[in-house]
Amino acid sequence: MFRFEYDPGTIRYGENCVDHLGEELDARGVERALVVTGTTVGTTPEVMDPVREGLGDRLVDEFAETTPEKRLETAFAGADRVAECDADALVAVGGGSSLDIAKIIAVIADAEVSHEELRETFESSGSIPAPEGDLRPVVAVPTTLAGADLSMIGGITTRADGELVRGGVYDERLMPAALCYDPELFRTTPDGVLCASAMNGFDKAVETVYANTATPITDGTAVRALRLLSRGLPALGAGDRDDETLHDAVVGTVLAQYGCSRSDGLTLSLIHAFGHGLARGYDIQQGGAHGIIAPHALRYLFAKVDGGRDLLAEGFGVEAETPEATAEAVVEEVEAIRDGLGLPTHLREIDDMSESDLPDIAEDVHTDGLMPYCPEGFDPTVGELEAVLREAW
């Protein structure tokens, strides 16, 4: 038995599909849109000019201040901008950081309490309470492959008393109302950023197969995603940006995340929990952290439970005679994707990480909010998680 409740936003894919942004806003009764983007993407004409043209006279302002740190202060500034320009929708352009900030802006903009009260709540609880009623719709125009788009989660950070506070909002109203995947915009993203983000998106397909919230529906989209990504990502890592490669990479990433963020739970678990523990406190992009840890995490997982290894092997198009050989063949395919994308292979390559940090990282992973979605029968200890980190060191 299974239950699958999922209400994603409208998905558009295709060359120059940003030309239709205005139609998507019109369908939702939007008249005044604020673009939320990063400091780099916001000054990239190859991205911004088509977006501006697609929005037309619905574009009232641009907020190009997001950063990978996803600071609460940035969201406060964005909410102030919403009030100043009277925007009734947010168009997030760029990577996961811009989309997360746009979602948090949507929450803060309608909050009935002050920024200072919201800050105090966040610092004490790690969350921001979403107000009652409808929120301003968010439309996503991704330019990376992290797979953070079809999600009802908005992550945010701040610093309090010198310590980093992490958290955010999980609310079905934060699912983007529409998503526009234009291959032409992905061509503008630097290789290092695009390839690292691709590992993050790829791992969403891997984890969806073995999550305790998996369904036959998510099995289908995840396996198809693996077929496309195992073909497209090595070509992407080799420098190809032709139509076929971008189709496989972008469509594969859409499928990898389809159904993984639902009101009744997520399909992300062990690898993403490790990624959080590594990337949140150290100078490495989360996709790079995934590249290092994913093979080791999977070997550990397969040693404890089945982990959907046959479905994963089907997605990768590999065959083996025994369950043990199947598991190893899957890990080798993941390593091949990582290597094809040119990502780091050892934790010791992270400049600001010390081996003495590993126990604390293991504790962080063990308490990560995604760990409850691990496969049934899989109950890792802190010591075992630390052992995985040491193997990756």
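Structure first, text after, so check above.
Residues numbered from 1 in each chain as written. Predicted model: local features only at pLDDT ≥ 70, side-chain atom pairs only at ≥ 80, totals over all residues. Heavy atoms only, no water.

Visitor: Hey, could you run me through the packing of helix α8 (residues 216-237) against helix α12 (residues 309-316) in this one?
Guide: The geometry of a pair of packed helices is captured by two quantities: the angle between their axes and the separation between those axes. Contact geometry for α8 and α12: axes closest at 7 Å, N-to-C directions at 40 degrees. Here α8 is positioned oblique relative to α12, judged by the angle of their axes. Crossing of α8 over α12 shows right-handed handedness. Facing α8, whose interface residues are D219, V223, L226, R227 and S230, α12 presents L311, L312, E314, G315 and F316. (Axes fitted to C-alpha atoms, helices over the stretch in contact; angles between N-to-C directions. Helix = DSSP H or I, 4+ residues; strand = E, 2+ residues; numbered from the N terminus. Parallel < 35°, antiparallel > 145°, perpendicular 65-115°, else oblique. Left-handed = near helix turned anticlockwise from the far one by under 90°. Contact = heavy atoms within 4.5 Å.)

Visitor: How should the side chain of T66 be read in this particular structure?
Guide: Within the fold, T66 resides in strand β3 (residues 59-66). Looking at T66, its side chain comes within polar contact range of the main-chain nitrogen of G38, at 3.3 Å. For T66, the residues in contact, after removing those within four places along its chain, are V36, T37, G38, T39, T74, S98 and I101. (Polar contact = N/O pair within 3.5 Å; in protein donor to acceptor, adjacent residues only side chain to side chain.)

Visitor: I'm lost on the sheet that holds β3 in this one. Help?
Guide: Each strand in a sheet pairs with another by means of backbone hydrogen bonds, the pair being arranged parallel or else antiparallel. If you trace the six strands from one edge of the open sheet to the other, you get β1-β8-β5-β4-β2-β3, paired in parallel fashion. Two strands in the sheet have a free side with no partner beyond their single neighbour: β1 (10-13) and β3. In this sheet, neighbouring strand axes are inclined to one another by 20 degrees on average, regardless of whether the strands run parallel or antiparallel. Two elements, β1 and strand β8 (residues 178-181), share four bridges in a ladder whose sense is parallel. Note on β8: the bridge partner recorded for R12 is C180. Where helix α3 (residues 72-85) meets the sheet, it contacts β2 (33-38), β3 and β4 (89-94), and its direction lies at approximately 170 degrees from that of β3. Seen against the sheet, helix α9 (residues 243-257) touches β1 and β8 and runs at an angle of roughly 170 degrees to β1. (Pairing = 2+ DSSP bridges.)

Visitor: I would appreciate a short explanation of the nonpolar core in the present structure.
Guide: As a rule of thumb, soluble globular proteins bury nonpolar side chains together. Core analysis: the biggest nonpolar cluster contains 105 residues, and F202, L270 and L347 have the highest contact counts within it. At 10 residues, the largest contribution of residues to this core is made by helix α7 (residues 191-210). The contact partners of L347, leaving out residues within four places of it in the chain, are L278, I292, M353, L358, L389, A392 and W393. (Core = buried A, V, L, I, M, F, W, Y, C linked by side-chain atoms within 4.5 Å. Buried < 20%, exposed > 50% of the residue type's maximum accessible area, 1.4 Å probe, protein only.)

Visitor: Would you take a moment to explain α9 for this structure?
Guide: One turn of the α-helix equals 3.6 residues, which is why residues spaced by three or four share an orientation. Between its first and last C-alpha atoms α9 spans 21 Å; for 15 residues at 1.5 Å apiece the expected length is 21 Å, and the two agree. Among the 15 residues in α9, 11 count as buried, and that is most of the element. Buried residues of α9: T245, L246, D248, A249, V250, V251, G252, T253, V254, A256 and Q257, and no others. Packed against the buried residues of α9 are β1, β8, α6 (183-186), α7, α8 and β9 (261-262). Downstream of α9 by one or two residues, G259 has phi in the positive range, about 90 degrees. (Expected span 1.5 Å × (residues − 1).)

Visitor: What exactly am I supposed to notice about the pairing of β8 here?
Guide: Residues of β8 alternate between two faces, with A178 and C180 on one and L179 and Y181 on the opposite face, all of them buried. The pairing of strand β5 (residues 138-142) with β8 spans two bridges and is classified as parallel. Its bridge partner being in β8, A140 is matched across the sheet by L179.

Visitor: For this particular structure, what's the right way to read the environment of A102?
Guide: Structurally, A102 can be placed in helix α4 (residues 96-109). Placed 37 residues apart in sequence, A102 and V139 show a C-alpha to C-alpha distance of 9.1 Å. Those residues in contact with A102, other than ones at most four positions away along the chain, are V36, L90, A92 and V138.

Visitor: How should unusual backbone geometry be read in this particular structure?
Guide: Across the chain, the bulk of peptide bonds are trans and the bulk of non-glycine residues have phi less than zero. Look at N16: it is not a glycine, yet its phi comes out positive at around 65 degrees. Residue position: N16 is located in the loop between β1 and α1 (21-27).

Visitor: How should a negative patch on the surface be read in this particular structure?
Guide: There is a patch of like negative charges on the surface, built from E117, E120, E123, D161 and E163. Ranked by residues supplied to the negative patch, first place goes to helix α5 (residues 115-125) with three residues. Along the chain, the position of E117 falls in helix α5. (Patch = residues over 30% accessible without salt bridge, like charges linked within 9 Å, V, L, I, M, F, W, Y side chains within 5 Å. Areas by Shrake-Rupley, 256 points an atom, 1.4 Å probe, with all protein chains shown as cover. Salt bridge = Lys/Arg side-chain N within 4 Å of Asp/Glu carboxyl O. Lys, Arg positive; Asp, Glu negative; His and termini not counted. Charge placed at Lys NZ, Arg CZ, Asp CG, Glu CD.)

Visitor: What should I look at first to understand the packing of α7 against α12 in this one?
Guide: Between α7 and α12, the least distance of the axes is 8 Å, while the angle of their chain directions is 145 degrees. Both α7 and α12 take part in a crossing whose hand is right-handed. On α12, the residues touching F202, V206, V209 and Y210 of α7 are L311, L312 and F316. Residues that form the contact of α7 with α12 fall into these classes: seven nonpolar, no polar and no charged. (Nonpolar A, V, L, I, M, F, W, Y, C, P; charged D, E, K, R; others polar.)

Visitor: In this structure, what is going on with α8? I would like to understand it.
Guide: The end-to-end C-alpha distance of α8, which contains 22 residues, comes to 31 Å, matching closely the 32 Å that a straight helix rising 1.5 Å per residue would cover. Helix geometry: α8 is bent most strongly at L229, by close to 30 degrees. Two residues or fewer past α8, G239 is found with a positive phi of approximately 100 degrees. (Bend = angle between axes of the 7 residues up to and from the residue.)

Visitor: For this particular structure, what's the right way to read the packing of aromatic side chains?
Guide: Both the distance between ring centres and the angle between the ring planes are used here to describe each pair of aromatic rings. Taken as a whole, this structure holds four aromatic pairs when the rule is applied. Ring centres of F4 and Y6 lie 5.7 Å apart, and the angle between their planes is 55 degrees; on these two criteria the pair is classed as tilted. Relative accessible area serves as the criterion here: at 15%, Y6 is assigned to the buried category. When the ring of Y6 is compared with that of Y258, the centres are 4.9 Å apart and the planes differ by 85 degrees; the resulting orientation is edge-to-face. (Phe/Tyr/Trp six-rings, centres within 6.5 Å; stacked < 30°, edge-to-face > 60°.)

None of the figures reported here should be taken as evidence of function without further support.
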